[in-house]
Every structure is written in C-alpha cells, then in structure tokens.
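Here is what each chain is made of, one letter per residue.
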Amino acid sequence: MAAAGSALAGAAYPERDEAREGKLERLVSALRYFSGAARTGRQSLERIVTATERGAQDLESLSDADLRERAGRLGLRLRREQFTDVVLAGQAFALVREAARRRLGMRHFDVQLIGGWAMLNGMLAEMETGEGKTLTATLTAATAALAGRAVHVITVNDYLAGRDAETMGPVYEALGLSVGRVVHGQDPETRRKAYRCDVTYCSNKEIAFDYLRDRRVLGGKPRVIAMKVDGLGGGGASQRLLLRGLQFAIVDEADSVLVDEARTPLILSTESQHGMEEALYGEALELARELDTDDYELRDKGVQITDRGLDRLETLGEARGGIWRGPRRREQLVRQALSALHAFRRDKHYLVRDGKVLIIDENTGRLMPDRSWEQGLHQLIEMKEGCEVTGRRETLARISYQRFFRRYLHLAGMTGTAREVAGELWAVYRLRVARVPTNKPGRRLREADRVFGRSDLKWQAAVARIAELHAAGRPVLVGTRSVAASETLAAHLEEAGLPFRLLNARQDRDEAEIVAQAGEAGRITVATNMAGRGTDIRLGAGVAERGGLHVIATELNDSKRIDRQLFGRCARQGDPGSGEAILAIEEDLVTSYFPFAGARLSQRGRLPLWLGRVVFRVAQWRAERAFSRMRRDLLDLDDYLGDVLAFAGRGE
Amino acid sequence: MSFDLLSPSWYRVAELRPRLRSHVRLHRHHYRGELWYVLEDRVSRRMHRFNPVAYYLIGLMDGRRTVQQVWDAAIDRFGDDAPTQDETIRLLGQLHAAEVLQTEVTPDVAELLRRVRRGKPSTWMQNLRSPLAVRLPLFDPDRFLERWLPWYRPLFGFAGFVLWGVVVGWALFTAAAHWQELTQDFSARVLAPQNLLLMALIFPLLKLCHEFGHACATKAWGGEVHEMGIMFLVLMPIPYVDASAATAFRETSRRVLVGAAGMVIELFIASLALFLWLDAQPGLFRTALYNVMLIAGISTVLFNANPLLRFDGYYILGDLLQIQNLRQRGQQYFAHLVESRLFGLELPEFDATRWEKRWFVFFTIASFIYRVFIMLAIALFIARQYMIVGVALALWALFAAFILPLGKGIAYLLGHARLRKQRLRAIATTAALVGVVAALIFAVPLPYWTRAQGVIWVPQDAQVRADADGFVRRLVVAPGTIVSRGSPLLVAENAELTPRIRVLEAQLDLLAARAQAERVSDHARWNVTREEMAGARAELAYLRERRDRLTVRSPTSGIFVTAIPPQDLVGRYLRQGQEIGYVVPAAMVTARVLVSQDDIDIVRSDTEAVRVKLVGRMYESFDAQIVREVPAAVSEVANLALSSQGGGSAPLDPRDGSKVKTLNSWFEFELALPATRAFVLGEHVYARFEHPPEPLYRRIYRSVRQVFLRQFSV
C-alpha cells in the first residue's frame, strides 16, 4: 500500500475549522461575489493549456518507469511549493495526460485541462454533459495526490464510484499513485485501506457516514492532543479511524450533492429495542384512522389537525385513557400517524420490498435502503403497510452535507448544471463556478414543448410521439419523476404494443445494461430521474444519421437543473440529439407550488405554449426558492444547535 | 414543530450527566403569588430566573443522573406539563451560556470563543448605539464596603428609618415655610454661568453618595457589590454601582429599598443642606448649599424616581409590580402583538398574565414617548451650547432611536424567517399602517388652534384720563355709579386758567368797544382791531375749551371706577393724560391676551374665530372678536396678571427690578367678549385662536422651523 506520507502530517486529522461568519463577513463575501471575484475569466484559466504544452515536451519518449519516476520527483516539488502554481500544475497535468494517453488511449482535451485547473483552484467546473468529467477529474485528483493530499473523488452513487475508480485506475497507477474505492457494505478494514490510498473514489453518503463514524470515535476530546497520546500508546483511536481527515474533495455532480441533497441531514443510527412504543404506534394509527378528512389538513409534508379534529381527538383520547389523556403527546403521536397515513405515499416516497419499507430519494429516484424516517414515522408507515416493525432508530450522530463539505480543506466540484445555484454555492461553500467551454459545438435540438391540462392527454400524446420516433428507428429516453408515473407510462406503452425497458427504483437490477443499450436504434427506455446523472448513453450503429437519441420529459422537476440533466443525456460529445417536454398541469410541481394555476388549468385540454411556460416557470421558481430556503434554514439550525448544544461537547 | 415532545438533537444530550457549579446559589421567590427560583451566580454576579418545572429539572442535575433520567422523571411527575426535549435542551443551553453548568464532557471551545467575541463588541456596540449613556466599569468596592459594614448596617433598620423620617419631614416643613425665599429668582440663580460650573462639581459628588446608598443597602442585607464605575450620561460623568445582587433578596420590600436607597440618601443630604442654608451667610458656601438642595431634592425626584427612564424608579416599579424586565418584556409583548394580530403568525400564547400585559402596553408606550422626548430635549440643549457637537450628537441620537430600528424593521419584514409564510400579509399590513399614518399626517386636515393666556381687562377706550392739567375740585358722580357717555365725572380747576379767561374776556370787551368807535372814524384801524379781536377770540375759545376739559367726562357708558381712591382724588393735581379711572362698560368687556412670538404669525394671518374660556369656569366658552392688536412686540406686561408671577404665561425678567419687564417679547391682543354676561376684572382667561384645519405635517414643519429659528438664531 502506497500511503503517501502526508504533507499535513502535523495535523492528525486535518479538516477545516468551522468559521462562523459574522454579518460583516457575509456582506463582504456577497460583495466579492457580485463584484465578479467569484467568477473567474476564461483567459486566466486558459493559461494552463500553454503551461501543459510546455510541460509535455519530452514526455512521449519516456518509458513508463521514467514517467513514474518523474511523477515522484514532481510530487516532492508540489509538496514543497503550492500546487496552484501554474507551471508546476502544467507539468503535473502533462504527466496525467500522458498517462491517460498511454493507459486509456484517451488524451485530455484543452477544455478538460481548463476544467481540471479550475478545480485545482478550488472552483466548481461547469462542463456540458458528455464532456468527460470523469477524465477531467483525474487531472486534479492526480495532481493533488502527487502533492500528498488525501484526495476523495466523490460521486453520487456506488455504481459510479466503482466504475470511475476502475476505468481511471490505470492512469493513477501509471503515475505511481494508489486508488481505492469505497462502496456500501464494505467492512471497516477494507474501507480504512481504501481511504489510505492516494485517491479514493466513493459516494457522498458513504464518505459522510464514515466521517460521522470517525467523529464518534474522536468524540468530544480535544483532537490533536488526544490522538497524539493515542498514537504513543499504539492502537487507540487513530487505529480505529477510517478517514485521513478531510483534505481534498472533488465532488462529481456537485450541484446534486451540495445543493439538492443538502436538504436532508445524514443520520447515523442504531436500532434499539422497541418496548411499549409499538403498542403506542398502533393505537395512534387507530385514532388517526377514526378522523375524517375534515379533521386535518395536509400541508407541505406535514399534517395539521384542525380544531374540529382536536375536539374529536380529545373525546377519543379521554375514552382510551392513559397517555392519551395528555393533549400534547396525544396530538403529536396522532399527527405523526396522520402523516404516515396520508402525507407519505407508497411508490412515491417509499416502496415496499420483501416486507420492508424502503425510502425513495426524490432527487435521484433511487432507493435508500439504510435510511429511515425519524420520530416514529418509519414505524408508523411500516405498520400502515403491514410490514414487520423495526425498532426505533436511535440517533448516534448527524450532520448535513452543508456542514460536512464545508469542513474540507480544499473543495472542488464539477457538474453540468451549476449556474442556477452559483450564488448559493458561493454563499455556503465558497465555491466559484467556472464555465468551461465545450470541446465541439453542441448539436442538441430542443423541440417545442407541449403542455396539457389533464394527465391522460399528456400520456396519450407521449405514447403517440414515442410510437412515431420508434417507427423512425430512433432511440427514445422517457424521463418520469416517480416510480408510479413510470409504471403508468409503462402500462400505456404496453397497451400500445410498444417494446420498452423500464428503469426505476423497483427495477434497478440491470441498470448498467439498460443504460448501455438505451442508445441503440429503436430502443425505448422509460426511466425515473436516476437515469439522469453520470450515465453516458452511447449511440448505436446508424443512430447518429437518424438524428441521435431523443429525450422526452413527461414531468418537470422542482429544479430546472434536474431537467437540464435529463436533456443532457442526448447529444453528447458532438453527437446529434433532440429533446422535448410533454407536460400536464395536473402534476405535483404545479399543484403544490402554484395551486392557483393548478386548480384552474388542470382539467383543460392542450394549452397554449406560452401559458404553459409561464405556469411551469412560476411553479419551478417557487419550488427552487422554497428548497433554497430550506437549506439555508438547515444551516442556520445547525449553527443554532451548535451554540445551544455547546455544553454537550463538539459532537455531531 | 416546536411543540413536539421529542427532539432530533436529544441524542447529543441524553447521556450527559450535568450538574451545577458549586458557586451557584438558588433562591426561592414569589412574584405576584407565583413561585420562581432565582439562580445566583456568585462569580459573574448574574441572576437567572426559572419556573418551578425548570427548577425541578435543575434540582435533579446532580452529576449522577443522565439527562435522559432527569427528563423521564419530569415526565413522570408533570405528565403533559413536562418540558419537551427541546425545552430541556434549551434550559441546559441557557445554564451553559450562564456558565453555571458542568458536565463530564469538554464543551465546544469554539462556541465559547464565539460567545466571548460576541459579548465584547456588544458592550461597545451598545455604547455606540446610545452615545448619551456610555459605561466604564472601574473598581470593586466590596472590600471597602465590608470594612465599613458595622458602621452603616444599623442605619438600615428601624432607628435609621425614624432618624430619616424626622430629618426629612422637618426639612419639608421648613422648606414650605421658606418657600418664597427658596424660589425667588429661581431661573436667574440656576442658569447663571458660575452656578452651572458649581453644579457640575457638586453633581458627581452627590451621585457618588447616591450610589453608595445602593451599595450599602445591598451589603447591609447580605448582598455583594463588585462593580463600580463611571457612566457618561449626556457627557456628564456619573458614578454607578452594580447592585444586582439585590435581585436575590427574597423580600420585595428590601429589593425596593435597595432601589430607593440612593434617593433616600440624597433626600437626607438635601434636608441637611436646607438647614445649613438657612443659617449660612451669603457667599459661595451658601450657593453651593442651594445647589445641593436643588440636585439632591429636585433632580432626584424628577429623574431617579421616574420609572419611565431606566433609573432607580424603573427597578423600584419592577419590584413593586413584581414584574421583572418590564421594559424588555414589554417590547417583546408588543412584537408578539404585532406578529400575531397584525401579521397573522401562529404563535404560542405570550407568557404573561392579563395584569402584566396591561402594564406592558402602558409602560412601553409611555416610556417610548418619554424617552424620545428626553432625548430630543437633551440633544437640543447640547446643540444650543455647542452647535456642531450638539447637532452631530442629536443626529446620532435620532439615528439610533429611529433610523436604526426602522432599518431593522425593514430587514425583519423582508428577510426574517419567522415571517416566511405571512410575509406578504406582513408587508401589506405594514404598508397599510404606514399609509394610514402618512394620510393622517399629510392629507387629513385637522382642527388647528393657538392657545394663549390673558386677563379680563377694560378696553383701551374705557380709560378715564385727565384731559388737562389741574387740581381736582370735586367728583361729579360717586365712583361706582352708572354713567352715560359724555356725562361729567369730575371737575378740576386750574388756578391760572380762570384769570386768563377773565383777562381775555375783558380785553375782548375793550377791543369791541374800540372797534365800535373806529368803525366810522378810521376804517384802517378798525380792520386792525378786528384782527386783534379774532385773535383774542381764538385764544379765549382755546382757553375755554381747556377749562371745559377740566371737567372729565365719561368716554363710554358704564360704571365709573376710580384708579385712585376718591378721597385722595379731591385736591390732587392731575397732569394731562393721567389715568384717573375707568368706565367699565356694563355689557361689553374685553380680554387682553398675550400671544408668544412663535405663534404670532399664524394668529395674525390666519385666525378664523376666537374662543375664550374663563379659568374659573372651564366648562363654558365664548366667542370673541379681536378688537385691537398691538402691532409691535412688547416686552412689558400691561397688567401683572399676565406675567407668570401673576398666574399668566409671560415669565418676567428676574434681572429687572421694575417687575413689568418680561423675559421674552410678546404680542398683545384685545378681545371683545360677548355682552351677555358679566365678567370679573382681572380674571384669567384662556383664548383659543382658531385657524383653518390643516394637515399635521405643516404644523410639525412650522414648529421644527420655529425651534431652529429660536434655538440657533438661524
């Protein structure tokens, strides 16, 4: 194992101290953002291209061993000096590019050099989909690793982590760097080994949970001293740690990880015995079922009991006696039960598999098997679905992604869609967005959208369109938001007698295979958002001539970025491709965020395009604002809790 | 959310075993019949108040039980009234922030540093925000007070009370007896420059005694006093003492007495000064004593006892009402009212009784108005002395009092998370309120008038004056009788006039005879004689008229009143124009009213009607007409009843011995009162000059302009 001696050996577990910003600091940083300091010009980034050319002069003639040796020597210099020095970075990039050419047969394009350089400078590189972000990351990751940093390349899921580590591994090896990968289900020892590698590929969840585990090991002790003492004794805490601190992160699909997922805190928990609670939950459900629709109101994701409902509950509670006499606990339990019954829906928020309730991640459409809801909600839903009730999860530690990623000494990211959240990325993570030009001009054709009032009209139109494209021999990718919607469409397609493949949280076993074939002629693929990110759909033979892959969005997402991701599946790397949206007002986005329009338009037929656009833009804008606020609140809440809970030590 | 029993953060605290630090003491208090526990941190000298449920939790924190066990016990004991987990965490956080909590875990040092850093600028930020009240702690007087404790402790008992009562009571009695002496030439004495200097020297010394009063009272009943320093109130250095240890006293009366101790001492000193002053020889010492009385007596009552300012009176009121933090909670209650009633936020019921809420409303409004008033007055006062510094200070004070809260209010409206769901409504409500206020100020015409004080007096033309020089021979009518216009009132004689008339008459006879003779004989001479006769006749007519004028006639119908007693009048020599008396019209009476310089412009140019009320009968008012106005400003009162000494509005210039010179210039108006009823001469009246209704802003503009014109002679 080639664990490089850390340049940061002085700090046993390097991570950034949380600097709470005062009002003045926030103001200054906002000024910096608006004055343009947060956006870096293309010119200054393009210096890296010439620097790399200069560094690449005699590399092609070197033997593999010499290449490795040269990388080692450069690493020593990088450790001594700043790796953000453009000459040194250019030399490093040239080495990486040479290694990639030899091992993968892929040579980094100039735009990839620019992207890599932007990330090395702690920015977020916005690169069009299909521009080879995975390859770009090797430039930054290898340079930082040569400089002795523990580099984490963070992807959105285990599949991508594994795939990227595998495909890019040879590049690092050619430079004498070790590569590790962390995926779900590994034992701690394997993980520790993977994290000891120079470059570690992992998913955001895995690394955040591993960090939380480390924090639990460290506990509230003053860290450096305690670890040094432990170190003297041999064994001890430092032996039980997984990570080598939070030094250098490259976050793939950064907007998804840093923004979308930042809403929900990560919770490390253990299952505890459930005693009387199960009975309580059962009774709460019984009480909740006795209430009518007049007794409660659904709000956002919660339930509000009306005055009438409260009165009825009181009589019911008095009759039951015991804990149900006290209004506070009674109402809280019943409210949770009502949420479980009415606010959380099967196949939308969760699905039931093998007698277990599994949460669906609303952003990715993927299952999150090891997550559960808090405060009895999970147990209530399990009861509602007649599953075996798991014990109450007892929280051991929690952290939000916002806090977690802010602790990295050096944070960089890449994504296809960042400009919409550039302000937030700057405010929260001090990440500047650098837009990297495309290598070849894009050939994506965006066709006119169609907006209907009713959903059934939408499905009809979508099926007709799919049939038409299918007949023309073009591959079609249809995006849906929920498992249920994807299954509705599947039923319609089956009815129409069209062959298709379905990819959703329930049917995710052949994901790689389905995606790999999605670009073949005449192929119809129906997928939830999970197909959105990181998957590269290669066109089959002869497809490019017919116009390439066609993407149909049947619903818009809460955020425009996620829509852009879906359309980004087509027309990659200069291929032809087209996309359109076939939408209905009778959808969650409009009914939840623009109920005024939803109530008036949802039963109409086809709407004029301008009207549809306005309605969806307003709804999306409101949704984005609501989520942005939620994230800000979470961050503020974390700060507040941090202060209030200061007496409990520096735990998470 | 906040009502949830369970907290997602509970896991952080559940296994902790907290306990209170050893230097903490708990006291049991009753506030308005409710039980509270006051936690005294004897190191930081801070007090924290907890209700019995919180106290129960605190009591269980012994370093052996975990938070979970403590909370479970509370649930068993209080059931539904038990604190939620969030509340429990907040309590722990509060104890931690108060630095009285100890757990087995090292607290987050970063938070501690943040708190220290946040705490520091907040003091100087506070000083910056209220530049008229800057605090500087200096030393710890506790050991000094400890050493002298046996000397003053007995004073805080029955003996001390009796001694104080006797001295102050006697002083009050004496002061009443010497009231005239004490108050004469008051403003001259006080505002003379050398006196101001003396006052500036005496003031801090007296306030030092005042502060020691608080300190000794606190010590005498077992409290500790650890901070003394200087506060710059309106740039004037004033000592202060931190007597917050008294908060821990269980007896309300003791807490009140600690608050009042400063004033008690000052009143005592003022009493002693009074006795000395009465015996002292005129000189610097006597003046100094006078100032001591003034400061210790009056300023104490006006400022320290005033509960609307945050001096002793405020704390005494708080203790008497048994409402702590009246001001702070009052403001919170107002914010609560605005948020819940106007903005429609769903908030939990404000934690206060009905009775307390009434006090909050009253106190908050009254103290706000009073504070703004005092602040502006102070700023103007300084501005008059030091124009630039004063204006800068005044602007800064205004900024701190209005602009800053306004900015905060706007930021709150636009950005505060609490308003999220109701923001539109909040903004709309605020805009509507601002609109209504703006309309009231700028658009709605409001009735407008100027008030002036005056006195019932006879009109100018009712005066009876001597028309010619002469000795009074007799009164034709007795004073008090009703006379008609033109009827003779008294007759005077001029010893020189009668012979001259006789001579002239004789001369005229002579001339007539001569003319008779010359008419035929000598036409030329006849003409000359006729000329002479015309001249003599003219002179005679003049003299006869003068003689007639010696008979003084009534200028109008009414009751004849003499200004000089009648018995003194006969035989008295009158000069032409001298006032003899008045003929008071039986029906019509006039009032003479003084209008100040500030109001003269509007009164002159824009008076629609005048209403008059009598001091003795405020319930009726009469229409009046302006009969006459003195075109120029006068600085002498025609009637002493118009001066402030006579109960009127015009202060007299104390430097002038004549007693009719006023301090400022006034304009005199003569108003005709209705004839329908009788008035008493010399009776005070209030006149109201009614102007056309106009919006408030013009009036505000006018008064601000006048203030500037007057204050800065711009």
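Residues numbered from 1 in each chain as written. Chains lettered and ligands numbered in written order. Predicted model: local features only at pLDDT ≥ 70, side-chain atom pairs only at ≥ 80, totals over all residues.

**Some remarks on the overall build of chain B**
Within chain B, the secondary structure is distributed over 23 helices and 23 strands. Taking the contacts inside chain B whose residues are at least 6 apart along the sequence as the reference set, 72% of them involve residues at least 24 apart. (Helix = DSSP H or I, 4+ residues; strand = E, 2+ residues; numbered from the N terminus. Contact = placed C-beta atoms within 7 Å.)

**What to know about the overall build of chain A**
When helices and strands are tallied, chain A shows 26 helices and 22 strands. Counting across all 652 residues of chain A, residues that qualify as buried make up 47%. Sequence separation of at least 24 residues holds for 76% of the intrachain contacts in chain A that already meet a minimum separation of 6. (Buried ≥ 20, exposed ≤ 12 C-beta atoms within 10 Å, placed from the backbone.)

**Observations concerning the interface of chain A and chain B**
Contacts between the two partners involve 27 residues from chain A, matched on the other side by 28 residues from chain B. Counting only elements with at least two residues in the side of chain A that touches chain B, the list comes to helix H15 (327-343), strand E12 (393-399) and helix H26 (609-644) of chain A. The dominant element in the side of chain A that touches chain B, judged by the number of residues it contributes, is H26(A), at five residues. Taken together, the residues of the side of chain A that touches chain B break down into nine nonpolar, eight polar and 10 charged. (Nonpolar A, V, L, I, M, F, W, Y, C, P; charged D, E, K, R; others polar.)

**A look at the confidence of the model for chain B**
Residues and elements named next belong to chain B. Counting all residues, the mean pLDDT for chain B is 79, and 85% of those residues have values of 70 or more. No element of chain B has a lower mean pLDDT than helix H5 (residues 109-129), which averages 60, and none a higher one than helix H8 (residues 158-177), which averages 90. Per the prediction output, this complex has pTM 0.67; the corresponding ipTM is 0.73. (pLDDT = per-residue confidence, 0-100.)

**Regarding the environment of Asn306(B)**
Residues and elements named next belong to chain B. Structurally, the position occupied by asparagine 306 is in the loop between helix H13 (284-304) and helix H14 (312-321). You can call asparagine 306 partly exposed: it has 18 C-beta atoms within 10 Å. Considering only alpha carbons, one finds asparagine 306 and leucine 317, 11 residues apart in sequence, at a separation of 9.3 Å. Setting aside residues up to four positions removed in sequence, asparagine 306 forms contacts with Phe311 and Gly313.

**Some thoughts on the sheet that holds strand E11 (residues 470-475) of chain B**
All names here are of chain B. Spatial strand order, E14-E13-E11-E16: four strands in an open sheet with antiparallel pairing. Looking at which strands have only one partner, the edges of the open sheet turn out to be strand E14 (551-553) and strand E16 (573-574). As defined by bridge partners, E11 adjoins strand E13 (residues 488-493) across four bridges and the pair is classed as antiparallel. When the sheet's bridge partners are listed, leucine 475 is paired in E13 with leucine 490. (Pairing = 2+ DSSP bridges.)

**Re the packing of H8(B) against helix H12 (residues 252-279) of chain B**
All names here are of chain B. Their axes nearest at 9 Å, the elements H8 and H12 cross at an angle of 50°. Taken as axis vectors, H8 and H12 run oblique relative to one another. Between H8 and H12 lies a crossing of left-handed hand. For the pair H8 and H12, contact is made by Trp164, Val167, Val168, Ala171, Thr174 and Ala175 and by Val264, Leu267, Phe268, Ser271 and Leu274, respectively. Considering only residue class, the contact of H8 with H12 consists of nine nonpolar, two polar and no charged. (Axes fitted to C-alpha atoms, helices over the stretch in contact; angles between N-to-C directions. Parallel < 35°, antiparallel > 145°, perpendicular 65-115°, else oblique. Left-handed = near helix turned anticlockwise from the far one by under 90°.)

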